[in-house]
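Structure at a glance
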Amino acid sequence: MTMSNQVMVRGLTRHFGQVAAVTDLSFTVEPGVVTGFLGPNGAGKTTTLRMLLGLVRPTSGTATIGGRRYADLTHPARTVGAVLDASSFHPGRSARNHLRVYGDMIGCSERRIDEVVDLLGMPEFADRPVRGFSTGMRQRLNLATAMLGDPPVLVLDEPGNGLDPEGIAWLRRFLRAMADEGRTVLVSSHVLSEAEQMVDQVLVIRRGRLMSAGPLAGLTGDGSTLEQAFLRLTGGAA
Ligand SMILES: Nc1ncnc2c1ncn2[C@@H]1O[C@H](COP(=O)(O)OP(=O)(O)OP(=O)(O)O)[C@@H](O)[C@H]1O
Ligand SMILES: [Mg+2]
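Residues numbered from 1 in each chain as written. Chains lettered and ligands numbered in written order. Predicted model: local features only at pLDDT ≥ 70, side-chain atom pairs only at ≥ 80, totals over all residues. Heavy atoms only, no water.

1. Remarks on the nonpolar core
Spelled out, the test is: Think of a nonpolar core as a cluster: buried Ala, Val, Leu, Ile, Met, Phe, Trp, Tyr and Cys residues, connected wherever their side-chain atoms sit within 4.5 Å. We call a residue buried when its accessible area falls under 20% of the maximum for its residue type, exposed when it is over 50%, and partly exposed in between, using a 1.4 Å probe and counting protein chains only. Only DSSP runs of H or I reaching four residues or more are called helices, and only runs of E reaching two or more are called strands; each is numbered from the N terminus. Note that domain bounds follow an automatic or database assignment of domains. Between two residues, a contact is recorded if the distance between any of their heavy atoms is within 4.5 Å.
Grouped together as the largest cluster of nonpolar side chains are 46 residues, with contacts concentrated most on Leu99, Leu120, Met122, Leu141, Leu143, Phe174 and Leu175. Take this core: its biggest share by element is seven residues, from helix H6 (residues 165-180). Both domains that furnish three or more residues to this core are identified here as domain 1 (1-79 + 154-238) and domain 2 (89-150). Not counting residues up to four positions away in its chain, the partners in contact with Leu143 are Val83, Leu120, Leu156, Trp170, Leu171 and Phe174. The next biggest cluster of nonpolar side chains, apart from the first, holds 25 residues, and it includes Val22, Leu25, Val80 and Leu84.

The following block contains the structure:
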């Protein structure tokens, strides 16, 4: 496991006017495991991930991928695959054509497009216009786009949103496979019961501050659910 795949956040802070969205957050995300970035609505998950991806400027502190800030990466799309919740697709374009447009931007081959279509289980709908896609299909297209550059690091904001149980099971297997290949997988969720089945390591944040970091088993090893552990951690007030 090389340091080049590590995600590191140090003293990360972001204020929006009076709102302290993220306060002095520090953590490290290692390759080879699935790390859940968990916390209730408004806890600061998206803001943190957006800072990591260079989309929001920190008030202070740093967020790096393989030791570099996103803005300093030589090949961003080949270093980190990102899925944020607000992605839009051209409605008349097929999934495959959407992937071609992005693929052209980062210089990937038609063969890689085919690989990613297979990897994400999309052969049946890859040639249909995106306008008719279900939530699950859209999530897969999002993930497919993130995977185009074969990045060693994945940063996914609520990839389970809107998925049915079968979709969640598929996502769990996908994330596991990506981690088993040695990738760094950071995945946020506000749905603890769902995250519990998907992650090895947990980072729990609440009101922009880190509450807990470590193996999932450290929180649930006593037989409690992640939800119970979380309520215990946060004094019952999520
Ligand atoms: N652009 C912005 N302007 C003002 N406030 C913002 C902005 N972005 C985030 N915030 C505030 O920062 C806090 C953290 O929001 P954030 O979206 O990071 O939470 P989250 O953990 O992703 O929540 P959710 O589970 O609902 O997605 C909230 O109070 C939110 O209102
Ligand atoms: Mg969010």
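Moving on from the model shown.
2. Considering the sheet that holds strand S5 (residues 80-83)
Defined as follows: When DSSP finds two or more bridges between two strands, those strands count as paired. Lines fitted to the C-alpha atoms define the axes, with helices restricted to the stretch that makes contact. Angles between their N-to-C directions range from 0 to 180 degrees.
One open sheet holds the six strands; their spatial order is S5-S6-S7-S3-S8-S9, and the pairing between them is mixed. The sheet is open, and its two edges are formed by S5 and strand S9 (209-215), each paired on a single side. Ignoring which end each strand starts from, the neighbouring axes of this sheet average 15° apart. As paired strands, strand S8 (residues 201-206) and S9 are joined by six bridges and run antiparallel to one another. Within S9, the residue paired with Leu203 across the bridge is Ala213. Sitting on the sheet, helix H5 (residues 135-147) is in contact with S5 and strand S6 (153-157), with an inclination near 160° to S5.

3. What about the pattern of salt bridges?
Under the convention used in this document: Criterion for a salt bridge: a side-chain nitrogen of Lys or Arg within 4 Å of a carboxyl oxygen of Asp or Glu.
For the coordinates displayed, the defined rule picks out eleven salt bridges. Notably, a salt bridge pairs Glu110 with Arg100, separated by 2.8 Å at the nearest N-O pair. Taken together, the residues span a long stretch of sequence, with Glu110 in helix H4 (residues 110-119) and Arg100 in helix H3 (residues 95-106) at a distance of ten residues. Using a relative accessible area of 37% as the deciding quantity, one classes Glu110 as partly exposed. For Arg100, a relative accessible area of 29% translates into the label partly exposed.

4. Re the packing of aromatic side chains
Definition in use: Each Phe, Tyr or Trp ring (for Trp, its six-membered ring) is paired with any other whose centre lies within 6.5 Å, and the angle between the two planes then decides the class: stacked below 30 degrees, edge-to-face above 60, tilted in between.
Enumeration according to the criterion identifies three aromatic pairs in this entry. With a centroid separation of 5.5 Å and an interplanar angle of 50°, the aromatic rings of Phe27 and Phe37 are classed as tilted. One end of the pair, Phe27, is in strand S2 (residues 19-29); the other, Phe37, is in strand S3 (residues 34-38), and ten residues separate them in sequence. Ring centres 5.3 Å apart and planes at 85° place the aromatic pair Phe125 and Phe133 in the edge-to-face group.

5. Re the pairing of S6
In summary, the side chains of a regular strand alternate between the two faces of the sheet. The condition that has to hold: With the strands aimed away from the viewer, a crossover counts as right-handed if its path from the first strand over the helix to the second runs clockwise.
Summarising burial for S6: five of the five residues are buried, a large majority. Neither face of S6 is open: one carries Val153, Val155 and Asp157, the other Leu154 and Leu156, and all of them are buried. As judged from the five bridges shared by S6 and strand S7 (residues 184-189), these two strands associate in the parallel manner. Pairing of Val153 across the sheet is with Thr184, part of S7. Handedness of the crossover joining S6 and S7 through H6 is recorded here as right-handed.

6. Re the domain arrangement of the chain
Stated precisely, the cut-off is as follows: Put simply, buried area is the surface a 1.4 Å probe can reach on two separate parts but cannot reach once they are joined, added for both. Polar contacts, as counted here, are pairs of nitrogen or oxygen atoms within 3.5 Å of one another; within protein the pair requires one atom able to donate a hydrogen and one able to accept it, and residues that are adjacent in sequence qualify only if both atoms are side-chain atoms.
One can read the domain layout of the chain as domain 1 (1-79 + 154-238) and domain 2 (89-150). On the domain 2 side, the residues contacting the 15 residues of domain 1 number 13 residues. For the pair domain 1 and domain 2, the summed buried surface comes to about 1,200 Å²; carbon and sulfur atoms form 63% of the total. Of all residues in domain 1, Arg78, Trp170 and Phe174 bury the most surface against domain 2, accounting for 44% of the area lost on that side. In this structure, Asp150 and Arg183 form a salt bridge, with 2.8 Å as the shortest nitrogen-oxygen distance. Applying the counting criterion to the domain 1 and domain 2 interface returns five residue pairs in polar contact (both at pLDDT 80 or more). Contributions of two or more residues to the side of domain 1 that touches domain 2 are made by helix H2 (76-79), S6 and H6. Ranked by the residues each element gives to the side of domain 1 that touches domain 2, the list is headed by H6, at four residues.

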